[in-house]
Amino acid sequence: MNATVKVWDPLVRVFHWSLVLCFAVAWASADEWQDLHEIAGYTAATLIAFRLIWGLFGPRYARFRQFVRDPKVVAGYLSDMLKGREARYLGHNPAGGIMVVALLLGMGLLTLTGWLYTDLLWGEEWVEESHELLANLMLMLAGVHVAGVVLASVRHRESLVKSMITGRKRAPGEVDVS
């Protein structure tokens, strides 16, 4: 049996799956159940605020400085991915790191536009259209995120979904980036 190491702390894992649930509930309840939609949105906003704090003060693999990388590093990693020779990272790889930033930014803007439309600018068409556009962009980003997780899981022969449930990943090898 392969040795494993703890990577994702419980708060990162609860945040991740809670945000997934909030987005799914908000998406499903849009135009159908406004109270539930708003609860999901406000909960997502609270989760985003928590994650921003945890990204500064949380444990090693939760911190932004551990996975937010220079654009040249991200481009190099993506190039290596296309060639099928990307390195395995114990935490977020450079593509995953930029995806975390994109998802946090997108969800933050989505919840902001939802709040503006609900509480301050009700009836403003541009706010509603911005909110809907952001929701559709988030759905596309989520799809790209899932595709990236599947690709990395296959390429590195480990279930990243399982690691986001258990918090553990295969111990790093000699060539892995920890």
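Higher on the page you've got the structure.
In this report, the structure presented in the accompanying data block is examined.

A word on the pattern of salt bridges. Side chains that differ in sign of charge can pair as their charged atoms come close. Throughout the structure, instances matching the rule amount to 5 salt bridges. The residue Asp 80 makes a salt bridge to Arg 85 at a minimum N-O spacing of 3.5 Å. Asp 80 sits in the partly exposed class, given a relative accessible area of 24%. A residue is classified by how much of its surface remains accessible, and Arg 85, at 52% relative accessible area, is exposed. Between Glu 158 and Lys 169 there is a salt bridge, with its nearest N and O atoms 3.9 Å apart. Taken together, the residues Glu 158 in the loop between helix H6 (125-155) and helix H7 (160-166) and Lys 169 in strand E2 (residues 168-170) connect sequence positions 11 residues apart. Neither Glu 158 nor Lys 169 differs from the other in exposure class; each is buried. Each of Arg 88, Glu 158, Lys 169 and Asp 176 takes part in salt bridges that share partners, so that together they form one network.

This part takes up the packing of helix H1 (residues 10-29) against H6. Closest axis-to-axis distance for the H1/H6 pair is 12 Å, and the angle between their directions is 135°. The angle between the axes of H1 and H6 places the two elements in the oblique class. Here H1 and H6 pass one another in a crossing that is left-handed. Between H1, through His 16, Phe 23 and Trp 27, and H6, the contact on the second element is made entirely by Ala 135, Asn 136, Met 138, Leu 139 and His 145.

Glancing now at the packing of aromatic side chains. Using the criterion set out here, one finds 6 aromatic pairs in the structure. Measuring from centroid to centroid gives 6.5 Å for Phe 15 and Phe 50, while their planes differ by 50°, and the two rings are tilted. Residue Phe 15 is located in helix H1, and its partner Phe 50 is located in helix H2 (residues 34-57); the two are separated by 35 residues in the primary sequence. Ring centres 5.8 Å apart and planes at 70° place the aromatic pair Phe 64 and Phe 67 in the edge-to-face group. Of this pair, Phe 64 and Phe 67 both sit in helix H3 (residues 64-67), separated by 3 residues, roughly a single helical turn. The exposure class assigned to Phe 64 is buried, which follows from its relative accessible area of 17%. Look at Phe 67 and you get buried, because its relative accessible area is 1%. One aromatic cluster in this structure is built from Phe 15, Phe 50 and Trp 54.

Conventions adopted
Every chain's residues receive numbers from 1 upward, in the order its sequence appears when written. This being a predicted model, a pLDDT of at least 70 is required before a residue's local features are given, and a value of 80 or more before pairs of side-chain atoms are given or counted; all residues contribute to the totals for chains, interfaces and linings. Only heavy atoms go into the side-chain values, all of them from the structure, while hydrogens and water stay out. By salt bridge we mean one thing: a side-chain nitrogen of Lys or Arg within 4 Å of a carboxyl oxygen of Asp or Glu. Three exposure classes are used, based on accessible area relative to the maximum for each residue type with a 1.4 Å probe and protein chains only: buried under 20%, partly exposed in between, and exposed over 50%. Strands here mean DSSP runs of E at least two residues long; helices mean DSSP runs of H or I at least four residues long; both are numbered from the N terminus. Between the N-to-C directions of two axes lies an angle of 0 to 180 degrees, each axis being a line fitted to C-alpha atoms and, for a helix, fitted only over the stretch in contact. Throughout, the term roughly parallel applies to angles under 35 degrees, roughly antiparallel to angles over 145, roughly perpendicular to angles from 65 to 115, and oblique to all others. By convention the crossing between two helices is left-handed if the near helix lies anticlockwise of the far one by an angle smaller than a right angle, and right-handed if it lies clockwise. Residue contacts are defined here by distance: any two heavy atoms, one from each residue, within 4.5 Å place the two residues in contact. Only rings of Phe, Tyr and Trp enter the pairing, Trp through its six-membered ring, and a pair is recorded when the two centres are within 6.5 Å. The plane angle decides the type: under 30 degrees is stacked, over 60 is edge-to-face, the rest tilted.

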